[in-house]
Amino acid sequence: MTDQDITFTIDGVAITAKPGQTIMEAADDAGVYIPRLCDHEGLRHQGGCRVCTVKANGRSVAACTQPAAPGQTVENETPHINKLRRDLVEMLFHEGNHLCPICEASGNCELQAMAYRLEMVEPTKFPYLEPSRALDASHHDIALDTNRCISCGRCIRASKDVDGKGVFGYVGRGIHRRVAVNGEDLAHTDADASDHAMSDEVCPVGCIIRKRVGFATPIGEREFDKGLIGYEIEGKRRG
Amino acid sequence: MATNTPDEQMTGPAVSVPSIPVEEIVSICQTYGNDRHRMLDILRDVQDRFRWISPKVMETVASQTCLSRIEVEGVASFYSFLSQTPKGRVTIRLCDDIIDRFAGLAAIAEAFEEELGIKVGETSPDESFSLEYTPCIGMCDQAPAAMVNDVVVTKLTPDLARQWAQSLKAGKSPEEIVSDRFADLSPHARATAQVDNNIRHAGAVLLGPVPDDAGLKTALGLTPVQIMDMIEASGLRGCGGAGFTTGRKWKFAAAEKAEKHFVLCNADEGEPGTFKDRVLLTERPHLLVEGMTIAARAVGAREGIIYLRGEYVYLRDLIEEVLADRRARGLLGEAILGVEGFDFDLRVQMGAGAYICGEEGALISSCEGLPGEPKTRPPFPVNRGYLGYPTVVNNVETFCHAARILDRGAQWFFDMGEEGSHGTKLFSVSGDCLNPGLYEFPYGLTINELLEMVGGEDAAAVQVGGPSGTMIARDSFHRRLTFDDLATGGAIIVFSGERNVLEIVEYYMSFFVHESCGYCTPCRVGNVFLQKAIGKFRKGLANPEDIDYLKDLSGTIIETSRCGLGMTSPNPILTTLKNFPLVYSAMVKPSKDGIRATFDIQSAIDGARHLAKRRSYIYDEDFSK
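What counts, and at which threshold
- Residues numbered from 1 in each chain as written.
- Chains lettered and ligands numbered in written order.
- Predicted model: local features only at pLDDT ≥ 70, side-chain atom pairs only at ≥ 80, totals over all residues.
- Helix = DSSP H or I, 4+ residues; strand = E, 2+ residues; numbered from the N terminus.
- Rg over C-alpha atoms; globule rule 2.2 N^0.38 Å.
- Buried ≥ 20, exposed ≤ 12 C-beta atoms within 10 Å, placed from the backbone.
- Contact = placed C-beta atoms within 7 Å.
- Axes fitted to C-alpha atoms, helices over the stretch in contact; angles between N-to-C directions.
- Parallel < 35°, antiparallel > 145°, perpendicular 65-115°, else oblique.
- Domains from an automatic or database assignment.
- Nonpolar A, V, L, I, M, F, W, Y, C, P; charged D, E, K, R; others polar.
- Pairing = 2+ DSSP bridges.
- Left-handed = near helix turned anticlockwise from the far one by under 90°.

## Points about the overall build of chain B
Counting secondary structure elements, chain B contains 27 helices and 16 strands. Here chain B has a C-alpha radius of gyration of 26 Å; the compact-globule value for 625 residues is 25 Å, and the two agree. Oriented by its inertia axes, the alpha-carbon framework of chain B measures out at about 100 × 65 × 50 Å. Among the 625 residues that make up chain B, the fraction classed as buried is 53%.

## Let's talk about the overall build of chain A
Along chain A, the regular secondary structure elements total five helices and nine strands. What you see for chain A is a C-alpha radius of gyration of 18 Å, in line with the 18 Å of a compact globule of 239 residues. Seen through its C-alpha atoms, chain A measures out along the principal axes to roughly 55 × 40 × 40 Å. Of the contacts formed within chain A by residues at least 6 apart in sequence, a portion of 66% connects residues at least 24 apart.

## Description of the environment of Ala295(B)
Residue and element names in this part refer to chain B. If you trace the backbone, alanine 295 turns up in helix 15 (residues 285–299). Each C-alpha atom, one on alanine 295 and one on tryptophan 250, is 7.3 Å from the other, the two residues being 45 residues apart in sequence. Apart from the residues within four sequence positions on either side, alanine 295 is in contact with Trp250, Val263, Val392, Asn394, Phe399 and Ala402.

## Focus: the packing of helix 2 (residues 79–95) of chain A against helix 23 (residues 545–560) of chain B
Angle between the axes and distance between the axes: these two values describe a pair of packed helices. The interhelical angle for the contact between helix 2 of chain A and helix 23 of chain B, taken along N-to-C directions, is 100°, at an axis separation of 10 Å. With respect to helix 23 of chain B, the axis of helix 2 of chain A lies roughly perpendicular. Residues Leu84(A), Asp87(A) and Leu88(A) of helix 2 of chain A lie in contact with helix 23 of chain B, whose contacting residues are Thr556(B), Glu559(B) and Thr560(B).

## Brief notes about the domain arrangement of chain A
Residue and element names in this part refer to chain A. The domain architecture assigned to chain A consists of domain 1 (6–77) and domain 2 (85–225). A C-alpha centroid distance of 25 Å is found between domain 1 and domain 2. Taken together, the contact between domain 1 and domain 2 spans 13 residues of the former and 19 residues of the latter. Across the side of domain 1 that touches domain 2, the residue classes break down as six nonpolar, five polar and two charged.

## Observations regarding the sheet that holds strand 4 (residues 59–62) of chain A
All names here are of chain A. The five strands are arranged 2-1-5-3-4 in an open sheet whose pairing can be described as mixed. Of all strands in the sheet, those with a lone pairing partner are strand 2 (13–17) and strand 4, marking the two edges. Between one strand axis and the next, the sheet turns through 35° on average, direction left out of account. Where strand 3 (residues 53–56) and strand 4 come together, four bridges link them in antiparallel fashion. The residue of strand 4 that forms the bridge with alanine 56 is arginine 59. Docked against the sheet, helix 1 (residues 23–30) engages strand 1 (6–10), strand 2, strand 3 and strand 5 (73–75), running at close to 110° with respect to strand 2.

## Some thoughts on the interface of chain A and chain B
Contacts between the two partners involve 38 residues from chain A, matched on the other side by 35 residues from chain B. In terms of residue count, the dominant contributor to the side of chain A that touches chain B is helix 2 of chain A (six residues). Considered class by class, the residues forming the side of chain A that touches chain B number 17 nonpolar, 12 polar and nine charged.

## Regarding the packing of helix 2 of chain A against helix 22 (residues 521–539) of chain B
Helix 22 of chain B packs onto helix 2 of chain A with a crossing angle of 65° between their chain directions and a minimal axis gap of 10 Å. Seen along the crossing, helix 2 of chain A lies across helix 22 of chain B with a hand that is left-handed. Between helix 2 of chain A, through Leu88(A), Met91(A), Leu92(A) and Glu95(A), and helix 22 of chain B, the contact on the second element is made entirely by Thr521(B), Pro522(B), Val525(B) and Gly526(B). Looking at side-chain class alone, the contact of helix 2 of chain A with helix 22 of chain B contains five nonpolar, two polar and one charged residues.

## Here we look at the sheet that holds strand 16 (residues 491–496) of chain B
All names here are of chain B. Judged by pairing direction, the sheet is mixed, and its six strands sit side by side in the order 5-13-12-16-14-15 without closing on themselves. In this open sheet, the two edge strands, each paired with only one partner strand, are strand 5 (199–201) and strand 15 (470–473). If you compare each strand with its neighbour and ignore which way they point, the axes differ by 30° on average.

## Looking at helix 13 (residues 246–255) of chain B
Residues and elements named next belong to chain B. Counting buried residues along helix 13, seven of its 10 residues qualify, which places the element largely inside the surrounding structure. Every buried residue of helix 13 is accounted for by Thr246, Gly247, Lys249, Trp250, Lys251, Ala253 and Ala254. Turning to helix 13, the residues buried within the fold contact helix 12 (224–234), helix 15, strand 9 (391–395) and helix 18 (396–408).

## Digging into unusual backbone geometry
All names here are of chain B. Between alanine 143 and the following residue, proline 144, the backbone shows a cis peptide bond with an omega angle of -5°. Here the bond from proline 378 into proline 379 is cis, since omega is 0°, no more than 30 degrees from zero. Secondary-structure assignment places proline 379 in the loop between helix 17 (360–367) and strand 9. For glutamate 127, which is not glycine, the phi torsion reads 65° and is therefore positive. Residue position: glutamate 127 is located in the loop between helix 7 (105–116) and strand 2 (129–134). Here glutamate 127 falls in the partly exposed class, since 17 other C-beta atoms lie within 10 Å of it. Notably, aspartate 213 is not glycine yet its phi reads approximately 55°, a positive angle. Tracing the sequence through the fold places aspartate 213 in the loop between strand 5 and helix 11 (214–220). Given 23 C-beta atoms within a 10 Å radius, aspartate 213 is considered buried.

## A word on helix 4 (residues 55–65) of chain B
Residues and elements named next belong to chain B. Every buried residue of helix 4 is accounted for by Val57, Met58, Thr60, Val61, Ala62, Gln64 and Thr65. On the buried face of helix 4, the contacting elements are helix 2 (22–31), helix 3 (39–50) and helix 5 (69–76). In the segment just after helix 4, cysteine 66 is the residue with positive phi, at about 60°.

## Some details on the environment of Leu550(B)
Residues and elements named next belong to chain B. Within the element layout of this structure, leucine 550 appears in helix 23. A C-alpha to C-alpha distance of 9.1 Å links leucine 550 and leucine 577, two positions 27 residues apart in sequence. With residues near it in sequence (within four places) discarded, leucine 550 still touches Leu530, Ala533, Ile573 and Leu577.

## Side note on the domain arrangement of chain B
All names here are of chain B. When the domains of chain B are assigned, the result is domain 1 (6–76), domain 2 (90–194), domain 3 (214–415), domain 4 (421–495) and domain 5 (502–585). Inter-centroid distance (C-alpha atoms) of domain 4 to domain 5 is 23 Å. Taken residue by residue, the interface counts nine residues in domain 4 and 11 residues in domain 5.

Have a look at this one:
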């Protein structure tokens, strides 16, 4: 801890933040997990999915973009906040087509894992929007099923900022806003299977699919078969 | 994945279009210095000249501005007035506000459809016409209204619509239909030939007599700090709706050390029912620029932008003329009024059909040539705004007030209105009243007093502040128009007892669904769910528990949305649930059998029936017996 460090609390736990850190960054370092979907380590913060909503001094903010402030009281895991988060996750399920039993990402899917973590165990009440978007299987090594896209934009930022390419971008507005590719289809872009944007850690769901590697890891041995989403961050605190 | 569906890619657009010469696109980009921050201007020019933004155009624009095609497409696909399919030589946009609907929009649409031989949403095969709906164009006091290319037509009747369609078909331009000598008219005369001001009550500050540049002259004798102290002491608060103290906003921006500062005017009043800035832009454009110049002096800005909503394109020439006149008279440009070092100039940024751009972060994004998405806060615009520089964004009315305060003094302004709500306010009144139009009054008026003046005593409901504000019933008409009671950006919409409250609410929700930028989950998705739920109520398919569902979902959207749009979009539902509870309870039916009223077993199994090519043994009667 240095002189400039900031201290605040999350659910009563004292947290130290370096100057300029967001609430989420400080929480991650301290081993306190704040649920998130559009935020991902190594990528710019977006603040779009709102799953990381916390109350900072009573006010709703996105933990991924809100700077940590000295003396701030942050509420994270309260029944009320987790209910808001569950609503948001349910909205994402209902906005797209998320049929876990037939999805290659099942078990590795952050949306599914978040639903488990937030105890989305009852029948949902929202209507299904049932999009019907064409699959893009044009690329030799990669397929895209945007019916499963949750508009997190992680692929957009990874491709632009990490790969220096800009394969993806948002088009449209409102409920029609979606991720599209920089060309007629994926084959007409400079996308490559070795891109960070195409790696299995960037797409949180089963939208970006790498061909010929599906189901290589059997169900039961997948990422979230090991623990609830967030277990790695929470593991830091338990030591 | 590409924007065009595979079908469009293969067969090309539905109508044949002349190819767009690459060199013309290059030349448009060069007009704006190939600057990606001027993307909206570039794409607007392309749209105006070639009536669509083709994939090829996007590639050319991208290469000129050093962007990728998908980034250009992101902008082109965001704004309603930009099109990725070819539009007709004349695009008729019928204002689809609830006020226009109540004023006979359906008959107007029918008249246009019959005369033009196309339905709303279509373009004629010979590319002559496109007919479409657009949300509120700021003409609620003279509805039904429409835009015909860059011209506005108001007080439409089916006969007038037919006349317009026939004249257009005969080859007349929209401008020629407005006036045979349109080109000879002054920009002000052109504007008032299209749109009435409808000033019903002039107050002391804005709509009464105003001397030329008296405020600016006072400002020249003051230090920046003295100017800002004066604005703060006057009690002036932002007139766009949020009501932030103007003097403090200016001080925050001035305190920020930076190479440049900017002053932006928000002339993007898109809140349905609001049209006050339209009248100020028409009748007080000099006062507006004077106010911006004073703000520039205060915060140390040398550049400014007036962000003019796309629907007000008919006012562009008027504003440009005012800017040219002021430059010629030494009121804009270098060494304003001979004061060495006092340099300020500004440009007009046209919007292109996006309500969200009235949100200050989204407005800044739009000025930067990006999709109109709000920015992450903090940093706030006063710290890091336009292009990353400290930026003051104020509403048209706010700047006009500021200029008047400099002339007449802080105390003069402070003494009007009441504690916490000082000065006068413009109210845009429309709907079921005898005298719709613009009223300027000190804060503190009650709704009853206002209704009496506008001839709206029969009102059963008043929408204060537009859809993002509050819908109140008769039992609240004693309430007062102040920041602490009924806060409003200025829209007052009067509804008589004959109007269906749920129809109004459903319209407002469809408006928010149309205008959500889509950046954050709750606003993008949640508002669609609210709209669907209200649809259930209107069809009589709602259960009693659906009332709790509405409240619950609204709460989540308000608490988790990223900007003011989502934080207020459930207001039409929440305020009517509170003030008109019987409207909802009359529409719900408890189900007897435990099956939700919305569940229709027959339609649910219909798909399976078709697949199986036979009836259902359980749910279909066997008529053969």
